Amino acid sequence: METQKQIILTGDRPTGRLHLGHYVGSLKRRVELQNSGKYDEINILIADDQALTDNADNPAKIRDNIINVVLDYLSAGLDPEKTTICIQSALPALHALTFYYMNLVTTARLARNPTVKSEIQMRGFADEGLPVGFFAYPVSQAADITAFDATVVPVGEDQLPMIEQTREIVEKFNRLYGDTLVLPKAMIPENETQRRLPGVDGKAKMSKSLGNCIYLSDTPKTVKQQVNGKMFTDPTHLRIEDPGHTEGNVVFTYLDALCTDDHFAEYLPEYKNLDEMKEHYRRGGLGDGKCKKFLIQVLEETLSPIRAERAKWEKDIATVYDILSAGTQKARETTNATLARVQKAMRIDYFADRAIIKEWEKLLKNK
Ligand code: TRP
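Residues numbered from 1 in each chain as written. Predicted model: local features only at pLDDT ≥ 70, side-chain atom pairs only at ≥ 80, totals over all residues. Heavy atoms only, no water.

This part takes up a negative patch on the surface. A contiguous patch of negative charge, built from Asp261, Asp262, Glu266, Asp275 and Glu301, is present on the exposed surface. A per-element tally of the negative patch places helix H14 (residues 261-267) first, with 3 residues. Note on placement: glutamate 301 falls in helix H16 (residues 288-314). Residue classification places glutamate 301 among the partly exposed positions, given a relative accessible area of 33%. (Patch = residues over 30% accessible without salt bridge, like charges linked within 9 Å, V, L, I, M, F, W, Y side chains within 5 Å. Areas by Shrake-Rupley, 256 points an atom, 1.4 Å probe, with all protein chains shown as cover. Salt bridge = Lys/Arg side-chain N within 4 Å of Asp/Glu carboxyl O. Lys, Arg positive; Asp, Glu negative; His and termini not counted. Charge placed at Lys NZ, Arg CZ, Asp CG, Glu CD. Helix = DSSP H or I, 4+ residues; strand = E, 2+ residues; numbered from the N terminus. Buried < 20%, exposed > 50% of the residue type's maximum accessible area, 1.4 Å probe, protein only.)

Following this line, the structure appears as structure tokens:
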């Protein structure tokens, strides 16, 4: 048997610009995976159909944010020469696969998905009524993943139930119709801060509605305001000489996620690394203002190249459009091929060849 190709598929709902939480939790790693040379294929899906499952009343929001998300991808270092970027709604094979997979999943099973459960609460669907499309989006996500024959799906922890659901669908499909679909594996961020960068206000998650995000496209002025105006440090660290706490201190959480020893060499050479700085803070004698100033420098070192790239791409939206169009065309071929394989396995590939004429004739003769 030929060795299994290593194929990555992941995606985002285009409902807003990407923020530092996205960068730390997924975007940065996608770029590393892309550049590692270890994968045969990397595909990134802009999941606009999935975004519509809870935004059916506002398709314009999705349309507008597709360009924002692509610009964030390109400016963070995703390279269309190495990574295929495509739009979900323009891949009709995904819709067909979703329809077949829906027969392999029970409503009881979908109702148990913990991520969907909490999203239903958050969106008020428990009271208003639950759209079928939203309830079933994990099935469509299984279609996304399997259509690309993905072996590895880099996602946040909250997406693990979707990968689990996908694996069940793959196993059931292969059992019923013969070995056809590839069994994928989730890949989640290695450490705690990467998994969930808190908002600048220290709340569990960056979220647009809480106004606690730092967006990749924010200006230096906004970044500074978010850090200086919204980040609480340690409430017991009143005077500089007081001993401080670094655990649960947002400034240090962000530094954990972003800073390197090089940042110290450049901006704060009195410490070799974050451990030394933390040690000083805990002992007392290191002021919050100085910590925040350093954090702003680290943030700028991270964000300014992204901002500069974005400014370039923003001047050339026609090229961005062509990148999306080419990526989607390539993805259409990939996903159509999977659909053909699936329909063949299910024996519903009626127009794949004319052999069925003989088969039907024979059937009628034997009657
Ligand atoms: N559900 C994912 C999210 O909200 C987005 C997504 C859609 C996705 N299709 C996917 C992620 C396929 C991984 C693989 O972030």
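We are not done yet, so read on.
This part covers the packing of aromatic side chains. Using the criterion set out here, one finds 7 aromatic pairs in the structure. Where tyrosine 101 meets phenylalanine 173, the ring centres are 6.2 Å apart and the plane angle is 75 degrees; that geometry is what we call edge-to-face. Pair noted here: tyrosine 101 is in helix H4 (residues 92-101) and phenylalanine 173 is in helix H10 (residues 160-177), with a separation of 72 residues, a long-range link. For the pair tyrosine 101 and phenylalanine 173, a shared accessibility class is recorded, and that class is buried. Its guanidinium or amino end placed over the ring of tyrosine 137, arginine 13 lies 4.6 Å from that ring's centre, counting from NZ or CZ. Sitting above the plane of the tyrosine 215 ring, arginine 17 keeps its charged end 4.4 Å from the centroid. (Phe/Tyr/Trp six-rings, centres within 6.5 Å; stacked < 30°, edge-to-face > 60°. Lys NZ or Arg CZ within 6 Å of the ring centre and 35° of its normal.)

On to a nonpolar patch on the surface. Together, Tyr350, Phe351, Trp360, Leu363 and Leu364 make up an exposed nonpolar region whose accessible area comes to about 660 Å². Among the structural elements, tyrosine 350 can be located in the loop between helix H17 (317-345) and helix H18 (355-365).

Right, let's talk about the pairing of strand S1 (residues 7-12) for a bit. The buried fraction of S1 is high, at 5 of 6 residues. As judged from the 6 bridges shared by S1 and strand S2 (residues 41-46), these two strands associate in the parallel manner. Bridge pairing in S2 places threonine 10 opposite isoleucine 44. (Pairing = 2+ DSSP bridges.)

In this section: unusual backbone geometry. In the Ramachandran plot, aspartate 149 falls in the positive-phi region, its phi being about 55 degrees despite a non-glycine side chain. Secondary-structure assignment places aspartate 149 in the loop between helix H9 (137-147) and strand S4 (152-154). One non-glycine residue, arginine 347, adopts positive backbone phi at about 60 degrees. When you line up the elements, arginine 347 lands in the loop between H17 and H18.

Turning next to the site of the ligand. All residues adjacent to the ligand are Leu9, Thr10, Gly11, Arg13, Ala47, Gln50, Gln141, Asp144, Ile145, Val153, Val155 and Gln159. Against a free-state accessible area of 370 Å², the protein chains account for coverage of 89% of the ligand. Looking at the shell around the ligand, its residues break down into 5 nonpolar, 5 polar and 2 charged. (Near = heavy atom within 4 Å. Nonpolar A, V, L, I, M, F, W, Y, C, P; charged D, E, K, R; others polar.)

Before going further, it helps to spend a moment on the pattern of salt bridges. What the rule picks out here adds up to 18 salt bridges. Here aspartate 218 and arginine 17 are joined by a salt bridge, their closest N and O atoms 4.0 Å apart. Note that aspartate 218 is positioned in the loop between helix H11 (192-195) and helix H12 (220-230) and arginine 17 in the loop between S1 and helix H1 (20-36), a separation of 201 residues in sequence. Here arginine 17 falls in the partly exposed class, since its relative accessible area comes to 31%. Arginine 341 is the salt-bridge partner of aspartate 149, the closest N and O atoms lying 2.8 Å from each other. Linking aspartate 149 in the loop between H9 and S4 with arginine 341 in helix H17, this pair joins segments that are 192 residues apart in sequence. Salt bridges sharing common partners tie together Arg13, Asp54, Glu119 and Arg123.

Shape descriptors only; they carry no functional weight alone.
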